[in-house]
Amino acid sequence: MDSHLKKLFTRYNEQFGSGPGLGTGSGTCLMNIENISPSFIKSLYKAAASLYRTDPWKRFQPDHLFGLKVGKDSDWPGKKQLFPCVQFIGGNGGDLAVYMFRSESDAKKMTGSRETIRVPNLEIMRATYEVESLMLPSHKKMIKSLCLEISGDNRYPVFDICRCNSSGELRCRNPTIEELRFFYGVMKSVSLVHSLLQEDYNTPKWSKSLHFDPFIETVDVQFPSEMSKSNNLVAVTISHPPGHGYTEKVNSNPGSTQSTPTKKTEKVNSNLDLRRCAQCDKEVPGDQITICDHCKGVIYCDSFCQKQHWKESHKAECGLYKVMMEREEELAIPAFTFPCSNSDVHPCKYLETIGVHRKGMWRRKCPCFSHCPFGSLPTTDQIQDSWGGLNDDEYPHEKSKSKSNPVIISGWPEYYNLRSLPLSSPVAHILSHPLTVYYILTTLSITSKNLLLKGKNVILHYIGPEEELDWMLAFSEIDSTLNGPGNLQIVMIGPKVPSTLSGLTFQTGTHVRVNMVKGIYQEEASFLPRPDLVVGLNCGFESSSSWFGALEVVKSKNLPGFFTDQSEVLCGKAKQVIRGAGLHITHPVTPNPFRSPVRNFGVSSNLPSYSNGFVFGVNT
């Protein structure tokens, strides 16, 4: 009798699983897929583990549907996206899983309040995070023989394609290699961007689940060599709701064409300071500039220079610039109520509008103190003076610490709430630097996060500091936000470190200290303790030849590194420098949730630009 019940229970679990949803597959196993390699399976499990650790189920319910586009339609069998809609199952209890559908219509038909509805003849692809004790023997054998990465809490993903027949019975099959490649792109991209969704604070109070603002994000995903075809990089676009897209800017002039820029002068914000022509570098008053009518991103003094620039270079860039300009609204952070557009170009004028010009740490944001070497601004013992005389409730105060796990926050609204700051406070403009370091430590770098959680020490090499050298008070926020048992040692290395500070140590909190080293990184690295992480903020790779030597150190020692830059154009140039050094981007360029909310305007460009605007990584 016991043996009979055991077999019955095993068959039940194989067919239905232990929680809501469609249950686990029966008889499916990746090892049975024709031409699949062990390295392919390992990469797939690694991507699944990466997604699991970001815990999308913490916020998402089955009715939160996301649209997907992985590369071009022509990249896939049938010349169409394989599974262009995804949802997360188990956030309200039960097995954790990722379900992908052939269409948004299929997803809506199968989405119930808690369980997935079995609809005949609709096929879905899924990854169900099963505990090992409930897995089929064939899956256990594969996991053991290939030493596959665990996702967390002894869970491993089970990949299959399932369909219900007309009688409601479940039929499962193995995915094809192409379907698994598609799933890999989805898992990698979702793990990078889902934390960027902003909660819709106008959600009705009676609603039981979160609602999010419309969202669309495109990231580059790098396929591992065993999955890549002609190109190992693929652009993946994720949207919520599924039909949400970029707002298309339509030319209101019915006689104009969208294939080339028109030669008309547009009146723009008359408050703009002098701009410069992208072709001849001539100064142009803000109310007299000519812009490319197609992309809206490039400044000219007249139509002649515009025509010349189009022929020489802009024709090849205009389409890309148009896409970048269409992300203006997406990259803005509307939660803040202080002015977030440095539209006067001259930083002093912006600082005057928020009342901190020539005050405290803000002096590094304007050229009035450019004569004063970095790290040498006169300091004060008064925290309020360091923050430029802001009101007492507008800047972070020292926080009492307790030994607990780090607080994981995904963006500025959560940080401001954690530190009880009003959204009218402009401190994010400076705190972007330390909070970006915090974000890298706790979200992007799994190794450093695990070390901190275990109470270990993390060594971080911070390359090329400049204005940060005068912001040690701001860097104490890393300690306040980490709030955990581990210790962080930041070693700031760069030629701009003054000799008077080189060799000194600043204790910026209970568990965070900063060491200063003057010199070039490639010359000093061999004398420093091996880092767990290398970081460089607002790098400007293309403007400094010394970065090439620093990247050679990162490559030769196989050091994980994360870097930021202000715009997508600069990130594109950074990619070229990194590839020239023999490295590959392993964390694609993505918007940094802790970018400064203050948008900067270039003298010859309107392209979206923010301090620490985008983050990317190597050897991650």
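Residues numbered from 1 in each chain as written. Predicted model: local features only at pLDDT ≥ 70, side-chain atom pairs only at ≥ 80, totals over all residues. Heavy atoms only, no water.

Going by an unreviewed UniProt entry, the chain carries the name MYND-type domain-containing protein and comes from Lactuca virosa.

For the chain, the count of helices and strands is 16 helices and 22 strands. The long-range share in the chain, meaning contacts at least 24 apart out of those at least 6 apart in sequence, stands at 69%. When the accessible area of the chain is evaluated, it comes to approximately 27300 Å², of which 51% is carbon and sulfur surface. (Helix = DSSP H or I, 4+ residues; strand = E, 2+ residues; numbered from the N terminus. Contact = heavy atoms within 4.5 Å. Areas by Shrake-Rupley, 256 points an atom, 1.4 Å probe, with all protein chains shown as cover.)

The biggest cluster of nonpolar side chains holds 57 residues, and the ones touching the most others in it are Leu30, Met100, Phe159 and Leu180. Examining the composition of this core, we find that nine residues originate from one element, helix H5 (residues 177-193), more than from any other. Counting residues in hydrophobic clusters, the runner-up holds 56 residues, among them Ile333, Phe338, Leu421 and Val514. (Core = buried A, V, L, I, M, F, W, Y, C linked by side-chain atoms within 4.5 Å. Buried < 20%, exposed > 50% of the residue type's maximum accessible area, 1.4 Å probe, protein only.)

Before going further, it helps to spend a moment on the pattern of salt bridges. Overall, the coordinates contain 21 salt bridges when judged by the stated rule. Among the ionic pairs, Lys72 bridges to Asp75, the shortest N-O distance being 3.7 Å. Judged by its relative accessible area of 52%, Lys72 falls in the exposed class. With a closest N to O distance of 3.8 Å, Glu123 and Arg163 form a salt bridge. In this pair, Glu123 sits in strand S4 (residues 123-131) while Arg163 sits in strand S5 (residues 155-164), placing the two residues 40 residues apart along the sequence. Here the salt bridges do not stand alone but share partners, grouping Arg102, Glu123, Arg163, Arg173 and Glu179 into one network. (Salt bridge = Lys/Arg side-chain N within 4 Å of Asp/Glu carboxyl O.)

Here we come to the side chain of Asp565. For Asp565, the position within the fold is in strand S19 (residues 561-565). No salt bridge is formed by the buried Asp565; its nearest oppositely charged neighbour, Lys573, is found at 9.4 Å. Side-chain polar atoms of Asp565 contact the backbone nitrogen of Gly540, separated by 2.9 Å. Excluding residues that lie within four positions of it along the chain, Asp565 makes contacts with Asn538, Cys539, Gly540, Phe541, Leu570, Cys571, Tyr610, Asn612, Gly613, Phe614 and Phe616. (Lys, Arg positive; Asp, Glu negative; His and termini not counted. Polar contact = N/O pair within 3.5 Å; in protein donor to acceptor, adjacent residues only side chain to side chain.)

Right, let's get into helix H6 (residues 303-325). Here H6 contains 23 residues, and its C-alpha end-to-end distance of 21 Å is more than 12% below the 33 Å for a straight helix at 1.5 Å per residue. Bending of H6 peaks at approximately 80 degrees at the position of His314. What H6 keeps buried is the set Cys305, Gln306, His309, Trp310, His314, Cys318, Tyr321, Lys322, Met324 and Met325. The elements touched by buried residues of H6 are strand S11 (290-291), strand S12 (299-300), helix H7 (328-331), helix H16 (568-580) and strand S21 (599-600). (Expected span 1.5 Å × (residues − 1). Bend = angle between axes of the 7 residues up to and from the residue.)

The next thing to look at is the environment of Arg364. As for its placement among the helices and strands, Arg364 is situated in the loop between helix H8 (347-353) and helix H9 (383-386). You can call Arg364 buried: its relative accessible area is 9%. When the C-alpha atoms of Arg364 and Glu466 are compared, they prove to be 9.3 Å apart, with 102 residues separating the residues in sequence. Beyond its immediate stretch of four places on either side in the chain, Arg364 contacts Phe369, Cys372, Pro373, Phe374, Gly375, Leu377, Glu467, Asp470 and Trp471. Of note is the side chain of Arg364, whose polar atom sits 2.7 Å from the backbone oxygen of Cys372.

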